Amino acid sequence: MSWMFDGYFPSPSRTNDEASIPDLNLAPPEFEYFVHDQPDWYLAPSSSSYLSHPEHDYGQPSYHLSGDPHYVTQPSYHFNTEEPYSCSQRSYPLPVGDVYRSQPEPDHILETPHENVDEYYGRHNSDDVGDNYIREARVSYKTDILFSSREELEEWAKKRGREHGCVVFVQRSRPRAVDLGCNRGGEPKLTATIRRTGSIKKGCLFKLKGRHNRVGNFWKLEVVNETHNHDPFVFKEGHAYLRRMTDEMVDMVARLHADGLKTSKIGLLLRRQLPEACVIDKDIHNLIESWRRENTVGDTPMQVFESFLINNGFVYHTRENPATNRVEDVFFCHDTSHEIWCAFPHLLLIDTTYNTNMYKWPFVQFIGVTSTSKSFCIAHAVLLRERQTDFTWALEHLKGMLEDYIESRVIVTDRDSALMNSCKQVFPNATRNLCQWHICENIKKKWKGIYDSEAREDFALLWTVLCDSPTFDEYEYNCLKLQEMLFKIGKEKVWDYIHDSWLSRDKEKFVSCWMADRLNFGKSTTNRVESQHANLKRHLNGANNTLHAFAAYTLELIEAQKIEIGATFEKSRITLKRDHNLQVFYRLHYKVSIKALTLLEKEYGKLDKMIVSGHTCRYQLRTSMGLPCACEVERHLDTLVPIPLKSIDPF
């Protein structure tokens, strides 16, 4: 890794007439409603339910209120009599507690695809009124159109059926003939004993025939029976046949799924771009699951994971339990990450996240930073436990990816004792710093609820100022201010915890005035790792993901990171900012990253204040970042010699 560039360079909807609402104004002034003692989800009979009585004709239409007053079913008929009622289409005795009463006309009526269902279907007044009663069709399928192909005939019949609330499909197909029927034709066969299934079959006798004329080479539609024994559909999404996806839809789902979109988002985009699409999220989920099963036939989740790693350029290591022969730890790294890691090994950020996979194992991410200040994923590990031996195993594989003469110089972690001890064992010569953000979060968790919100804000501000103390004198002053604030609100125990657990033991690893005297490359937190955690959880669906899903996402992330890193390198190679166009930086132009030149320009701006105050810069930029400090810049200005390239740290 280098501030310079001598290292790595990355190479169908219904019509308005059909969607009209039944006209309730046709009902008598004293409009009556059935009010039932039923739960909110209760659905009253639809318009196909005719309440009959042996001594009466059909009465006036009424609408059944079914639980929610916003939803009312289509018309049915009742009689003003105290005798029991029977429903000719469905068994519908009035339960105890049902009463008649007059109510105002409802504001919201359940949409029906036809203005008057009875006018559409007609009414059968014969004595044979049962479960298979026939309605006289008011929509005819008779046509004189001569179709040029079987597909054209089928599409015409299906479209006409959809427009009038009927699902027409191909029942039987032969070379010169085709039979079309209703999807509710046939008798239900409820023979399942394990799964609790249902059936939409109702014995509908609707039937059409298509015949091919050899002489004229055309297709003709013949009507066998165009009557139905059921209502038209209201919501086409409830019919699986209409939700079948075309090849275009399947291809679109495949592309969007490959891009990492969730099922709900895929469905939304599909319906927006293809208005004819009649799919629900469950259909998309089932399609994706079928692809997954096809690709994993006979394989265990771990075998699928290993196959993906091998086929996509990953290097991986596993560790098994000798007693059970089960995999407990997995470490994997992509070839591209390995290449960048060998070029920029100097800074290593480590953090662990949880609730990401089906095994409930902790997920460890190793993140590096380039000289252009871009983060990249080095490697990942899934560990069964967070013991020192587990972290040591993963870090040894991480170090083994580097050449013998290369080693990380700065490591930033939280204060996990097992992880810290492993870092000390595997990288003994590295500077080990603690994350300031994690320390602040630990204090908040430790004393959560003890002080009010205003006091917490004051504490967060004073704590940040304390951690950023540039000198030892300012550190002592900021300590006194924080102590006074806590004592003032009676929280002496908070101060005791901060002092005993953090300041007296590890202040050299996170307070700026001490960190300035040790190499840190400007990184005092693991926020870059936390950002990668957030990206991961935003991409994954919940906490029950497979390891294959992890690897697939990291592959996409690594490819995107390589492009971003290459863009920043090229920008530094061709761009010269106005503030950097100084004679003292002449030898560094186009050879050092813009980030490094920006830091040098800030040191150059300190010279006037140093001359006035007579103070020195304490060589902080040199010791912490490996770049010439203000004092060095001043010497080069005095000698009129530009800063040489060799004075820049190879970071």
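Residues numbered from 1 in each chain as written. Predicted model: local features only at pLDDT ≥ 70, side-chain atom pairs only at ≥ 80, totals over all residues. Heavy atoms only, no water.

Caption draft 1: Layout of the overall build of the chain. Per the secondary structure count, the chain includes 20 helices and 17 strands. For the chain, the accessible surface area stands at approximately 34700 Å², while carbon and sulfur atoms represent 50% of it. (Helix = DSSP H or I, 4+ residues; strand = E, 2+ residues; numbered from the N terminus. Areas by Shrake-Rupley, 256 points an atom, 1.4 Å probe, with all protein chains shown as cover.)

Caption draft 2: Structural context of the pattern of salt bridges. By the definition in use, this model includes 19 salt bridges. The shortest N-O distance in the salt bridge between Arg243 and Asp283 comes to 2.6 Å. In this pair, Arg243 is assigned in the loop between strand S10 (218-225) and helix H3 (247-258) and Asp283 in helix H5 (residues 281-295), connecting sequence segments 40 residues apart. Under the relative-accessibility criterion, Arg243 is labelled buried at 15%. Of the residues examined, Asp283 reaches a relative accessible area of 14% and is grouped as buried. (Salt bridge = Lys/Arg side-chain N within 4 Å of Asp/Glu carboxyl O. Buried < 20%, exposed > 50% of the residue type's maximum accessible area, 1.4 Å probe, protein only.)

Caption draft 3: Local environment of the nonpolar core. Ranked by internal contacts, the top residues of the largest apolar core, which has 32 residues, are Phe331, Leu348, Ile350, Phe366 and Leu398. Breaking this core down by element, the ones donating at least two residues are strand S12 (327-334), helix H7 (335-343), strand S13 (347-353), strand S14 (363-369), strand S15 (375-383), helix H8 (388-400), helix H9 (417-426) and helix H16 (547-574). Beyond its immediate chain neighbours, meaning those up to four positions away, Ile350 contacts Val364, Gln365, Phe366, Leu395, Ile411, Val412, Thr413, Leu419, Cys423, Thr526 and Val529. By size, the runner-up hydrophobic cluster in this structure holds 31 residues, among which are Met302, Val410, Leu519 and Val529. (Core = buried A, V, L, I, M, F, W, Y, C linked by side-chain atoms within 4.5 Å. Contact = heavy atoms within 4.5 Å.)

Caption draft 4: Inspection of the layout of surface pockets at higher detail. Of the voids in this model, the largest pocket is the one considered here, and its volume is about 1200 Å³. Forming the walls of the largest pocket are 34 residues, and the residues nearest its centre are His257, Ile288, Arg292, His548 and Ala549. Of all elements in the fold, only H3, H5, helix H6 (301-311) and H16 reach the threshold of two or more residues within the lining of the largest pocket. Ala516, Glu603, Lys606, Gln620 and Leu621 are, among the 37 residues lining the second largest pocket, the residues nearest its centre. (1 Å grid on protein atoms, 1.4 Å probe; cavity = no way out; pocket = protein on both sides within 12 Å on 5 of 7 lines; lining within 4 Å. Points joined across faces, edges and corners; volume = space filled by probe spheres on them.)

Caption draft 5: Representation of helix H13 (residues 492-506) in the model. Between its terminal C-alpha atoms H13 stretches 20 Å, which fits the 21 Å expected from 15 residues at 1.5 Å a residue. Looking at H13, one finds that the buried residues are Val494, Trp495, Tyr497, Ile498, Ser501, Trp502, Leu503 and Asp506. (Expected span 1.5 Å × (residues − 1).)

Caption draft 6: Spatial organisation of the side chain of Asn520. Structurally, the position occupied by Asn520 is in the loop between helix H14 (512-515) and helix H15 (527-539). Among the polar contacts made by the side chain of Asn520, one reaches the main-chain amide nitrogen of Gly522 at a distance of 2.6 Å. Discounting chain neighbours no more than four positions away, the residues touching Asn520 are Leu347, Val410, Asn433, Met515, Ser624 and Met625. (Polar contact = N/O pair within 3.5 Å; in protein donor to acceptor, adjacent residues only side chain to side chain.)

Caption draft 7: Spotlight on the pairing of strand S7 (residues 168-174). With 6 bridges connecting them, S7 and strand S8 (residues 177-182) associate as antiparallel partners. Opposite Arg172, over in S8, you have Asp179 as the bridge partner. In this structure, the hairpin formed by S7 and S8 is closed by a connection of 2 residues. (Pairing = 2+ DSSP bridges.)

Caption draft 8: View of the pairing of S12. The buried fraction of S12 is high, at 8 of 8 residues. Relative to S12, strand S11 (residues 314-320) is paired through 7 bridges, and the arrangement is antiparallel. Paired with Phe314 across the bridge in S12 is His334. Here S11 folds back onto S12 in antiparallel fashion, the turn holding 6 residues, of which Asn325 has a positive phi close to 60°.

Caption draft 9: View of the sheet that holds S10. Strands sit in the order S7-S8-S9-S10 across an open sheet of 4 strands; the sheet is antiparallel. Strands with a single pairing partner mark the edges of an open sheet, and in this sheet they are S7 and S10. Averaged over all pairs of adjacent strands, the angle between their axes in this sheet comes to 25°, without regard to strand direction. When strand S9 (residues 207-213) meets S10, the two strands line up antiparallel, connected through 7 bridges. (Axes fitted to C-alpha atoms, helices over the stretch in contact; angles between N-to-C directions.)

Caption draft 10: Region of the structure containing the packing of aromatic side chains. With the rule as written, the count across this model stands at 15 aromatic pairs. A ring pair is formed by Phe147 and Trp156, whose centres lie 5.9 Å apart and whose planes are at 55°; its orientation type is tilted. On the basis of relative accessibility, which here comes to 2%, the residue Phe147 falls in the buried class. Judged by its relative accessible area of 23%, Trp156 is partly exposed. Put simply, the rings of Phe305, Phe308, Phe314 and Phe332 pair up and form one aromatic cluster. Across from the ring centre of Phe427, 5.8 Å away, lies the NZ or CZ of Lys399, which sits over that ring. (Phe/Tyr/Trp six-rings, centres within 6.5 Å; stacked < 30°, edge-to-face > 60°. Lys NZ or Arg CZ within 6 Å of the ring centre and 35° of its normal.)

Caption draft 11: Representation of the state of the cysteines in the model. Within this structure, the stated rule accounts for 0 disulfides. Cysteine Cys333 remains unbridged, with the sulfur of Cys342 as its closest cysteine sulfur at 8.6 Å. This cysteine, Cys377, is not joined by any disulfide, and Cys333 carries the nearest cysteine sulfur, 9.8 Å off. (Disulfide = S-S within 2.5 Å.)

Caption draft 12: Here's a closer look at the confidence of the model for the chain. For the chain, per-residue confidence averages 78 on the pLDDT scale, and 77% of positions sit at 70 or higher. Low pLDDT, under 50, characterises residues 5-133; the stretch is placed with 259 contacts to residues that sit more than four places away or in other chains. (pLDDT = per-residue confidence, 0-100.)

Caption draft 13: Expanded view of the environment of Asn442. Tracing the backbone through its elements, the reader meets Asn442 in helix H10 (residues 436-446). Sequence separation between Asn442 and Arg415 is 27 residues; the distance between their C-alpha atoms is 9.8 Å. Once you skip the residues sitting within four places of it in the chain, Asn442 turns out to touch Tyr497 and Trp502.

Caption draft 14: Just the sheet that holds strand S16 (residues 410-413), in detail. Sheet architecture is open: 7 strands sit in the order S11-S12-S15-S14-S13-S16-S17, paired in mixed fashion. The sheet is open, and its two edges are formed by S11 and strand S17 (431-434), each paired on a single side. Sheet twist, expressed as the mean angle between neighbouring strand axes with direction ignored, is 20°.

Caption draft 15: The environment of Cys479, seen in detail. Here Cys479 is to be found in helix H12 (residues 472-488). Its relative accessible area of 9% is what places Cys479 among the buried residues. Sequence-wise, Cys479 and Trp463 are 16 residues apart; in three dimensions their C-alpha atoms are separated by 8.8 Å. Here Cys479 is in contact with Leu466, Trp495 and Leu503, once residues within four sequence places are set aside.

Caption draft 16: Broad picture of the side chain of His212. With respect to the element layout, His212 can be found in strand S9. A polar atom in the side chain of His212 sits 2.7 Å from the side chain of Arg176. Here Asn217 takes part through its side chain, which lies 3.0 Å from a polar atom of the side chain of His212. Those residues in contact with His212 that sit more than four places away from it in its chain are Arg176, Asn217, Phe218 and Trp219.

Caption draft 17: Just the packing of H3 against H5, in detail. One can describe the packing of H3 onto H5 by two numbers: an axis separation of 11 Å at closest approach and a directional angle of 75°. It follows from the interaxial angle that H3 and H5 lie roughly perpendicular. Counted together, Val250, Val253, Ala254 and His257 of H3 and Ile284, Leu287, Ile288 and Trp291 of H5 form the full contact between these two elements. Looking at side-chain class alone, the contact of H3 with H5 contains 7 nonpolar, 1 polar and no charged residues. (Parallel < 35°, antiparallel > 145°, perpendicular 65-115°, else oblique. Nonpolar A, V, L, I, M, F, W, Y, C, P; charged D, E, K, R; others polar.)

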